[in-house]
Amino acid sequence: KKINFISNKTPSILLIHGWGSSHKIWRDCINSLSNKFNIFVIDLPGHGESINYLEASLESYIEILIKQKLPDRFSIIGWSVGGIIASYLAKKIPERVRNLILISTNLHFLKNKNWSKAMDPFIFENFMKSLNTTSCKTVLDKFRILQTIGVETSREDLYKTKSLSEQDDFSLSGLINILGWLKNY
């Protein structure tokens, strides 16, 4: 989705949100950047304006993104899962991606023997299970708390994140779909 377009000569930025939010999470960034950049956003499958759309795999979603009406050259800012998607997109079309900026993004989403700085698989499985038995809002609140653990400004960050994503739309199937992608990353 094109948020604003200044000109073909103006640098462009694609913003990709994380799990359980939508492009609305970027509101403050869009306000700050839109007078100097062409801004493009996407909503992940099952999130925001893509609430009724699901995609079988991360790989197939990347292929779909490549076919979208994106500028010839652009920078990407990706947050968490959006950062994983941004990384794969940049790897797939490096000649088009000028800059890659990642926020709260890991090389792997889940801990493994070669990568210890990621989510514990046990916690991940509990998230998957709790989505089927607990309200989505409760699971998302717990997820947001996990995202801010160990950060000096955790209370402020949690408040800001919650306030920016209060009006986000997402589907249970969309949340589960994206988590399914992450089992392999």
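Residues numbered from 1 in each chain as written. Predicted model: local features only at pLDDT ≥ 70, side-chain atom pairs only at ≥ 80, totals over all residues. Heavy atoms only, no water.

### Structural notes on unusual backbone geometry
In the Ramachandran plot, Ser-80 falls in the positive-phi region, its phi being about 55° despite a non-glycine side chain. Its location among the elements puts Ser-80 in the loop between strand E4 (74-79) and helix H3 (81-92). Unusually for a residue other than glycine, Ser-104 sits at a positive phi of about 50°. Within the fold, Ser-104 resides in the loop between strand E5 (97-103) and helix H4 (121-133). (Helix = DSSP H or I, 4+ residues; strand = E, 2+ residues; numbered from the N terminus.)

### Comments concerning the environment of Leu-131
Position of Leu-131 among the secondary structure elements: in helix H4. In sequence terms Leu-131 and Gly-174 are 43 residues apart; their C-alpha atoms lie 11 Å from each other.

### Observations regarding the packing of H4 against helix H7 (residues 172-182)
Following both chains from N to C, one finds H4 and H7 inclined at 160°, their axes separated by 10 Å at the closest point. In this view, H4 runs roughly antiparallel relative to H7, as classed from their interaxial angle. Like other packed secondary-structure pairs, H4 and H7 cross with a definite hand, here left-handed. When H4 is examined against H7, the residues Phe-124, Met-128, Leu-131 and Asn-132 are found in contact with a partner set consisting of Leu-172, Leu-175, Ile-176, Leu-179 and Leu-182. Looking at side-chain class alone, the contact of H4 with H7 contains eight nonpolar, one polar and no charged residues. (Axes fitted to C-alpha atoms, helices over the stretch in contact; angles between N-to-C directions. Parallel < 35°, antiparallel > 145°, perpendicular 65-115°, else oblique. Left-handed = near helix turned anticlockwise from the far one by under 90°. Contact = heavy atoms within 4.5 Å. Nonpolar A, V, L, I, M, F, W, Y, C, P; charged D, E, K, R; others polar.)

In short, shape yes, function no, at least from these values alone.
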